[in-house]
Amino acid sequence: MATFAKIGLNSKVIEVLSVHNNELLDSNGVEQEVNGIDFLTKLTGWAIWKQTSYNTHGGVHSTGGTPLRKNHAGIGYTYDEDRDAFIAPKLYASWILNEETCQWEAPVAYPDDGEKYVWNESTTNWDIVE
């Protein structure tokens, strides 16, 4: 199955749908994103779709394939046309977008001591979970 994100106002993802791979095939049997977009446009009446991949996270494809648009799209994500990437909503004001992964990162690295932590936005630091 191929997955597509429906893009709404302000480039927000408003729906994610799966399409059978046969709908993407061209006359040579090669998958083409535009064929999936055409299929969904005819089906839904909405013309703005971008293909996404369940296997792509942080610019890496989990099974070794080619990553697609940095991250799998979800409802509420933003499609950034300049980066050709899906970006999750920003959870904390202090977090910074990593340009390579298109994921939000805390300004302080998560401690690597085996303990569990939760982000504290008021102190912009990690608090240990007790």
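Residues numbered from 1 in each chain as written. Predicted model: local features only at pLDDT ≥ 70, side-chain atom pairs only at ≥ 80, totals over all residues. Heavy atoms only, no water.

## Considering the overall build of the chain
If you tally the helices and strands in the chain, you get one helix and eleven strands. In summary, the chain has a C-alpha radius of gyration of 18 Å against a globular reference of 14 Å for 130 residues, an excess of more than 25%. In terms of overall dimensions, the chain has C-alpha extents of about 55 × 35 × 25 Å along its principal axes. With 130 residues in all, the chain has 31% of them scored as buried. The contacts in the chain between residues at least 6 apart in sequence include a share of 35% that link residues at least 24 apart. Total accessible area on the chain is roughly 8200 Å²; 51% of this is exposed by carbon and sulfur atoms. Charged side chains of the chain number 9 positive and 19 negative; the gap between the two group centres comes to 7 Å. (Helix = DSSP H or I, 4+ residues; strand = E, 2+ residues; numbered from the N terminus. Rg over C-alpha atoms; globule rule 2.2 N^0.38 Å. Buried < 20%, exposed > 50% of the residue type's maximum accessible area, 1.4 Å probe, protein only. Contact = heavy atoms within 4.5 Å. Areas by Shrake-Rupley, 256 points an atom, 1.4 Å probe, with all protein chains shown as cover. Lys, Arg positive; Asp, Glu negative; His and termini not counted. Charge placed at Lys NZ, Arg CZ, Asp CG, Glu CD.)

## Notes on the pattern of salt bridges
This model, assessed by the stated rule, comprises five salt bridges. In this structure, the salt-bridge partner of Arg69 is Asp84, at a minimum N-O distance of 2.7 Å. Here Arg69, found in the loop between strand 5 (60–61) and strand 6 (78–80), pairs with Asp84, found in the loop between strand 6 and strand 7 (85–87); they are 15 residues apart in sequence, far enough to count as distant. Among the ionic pairs, Asp80 bridges to Arg83, the shortest N-O distance being 2.4 Å. Residue Arg83 is classed as partly exposed on the basis of its relative accessible area of 33%. (Salt bridge = Lys/Arg side-chain N within 4 Å of Asp/Glu carboxyl O.)

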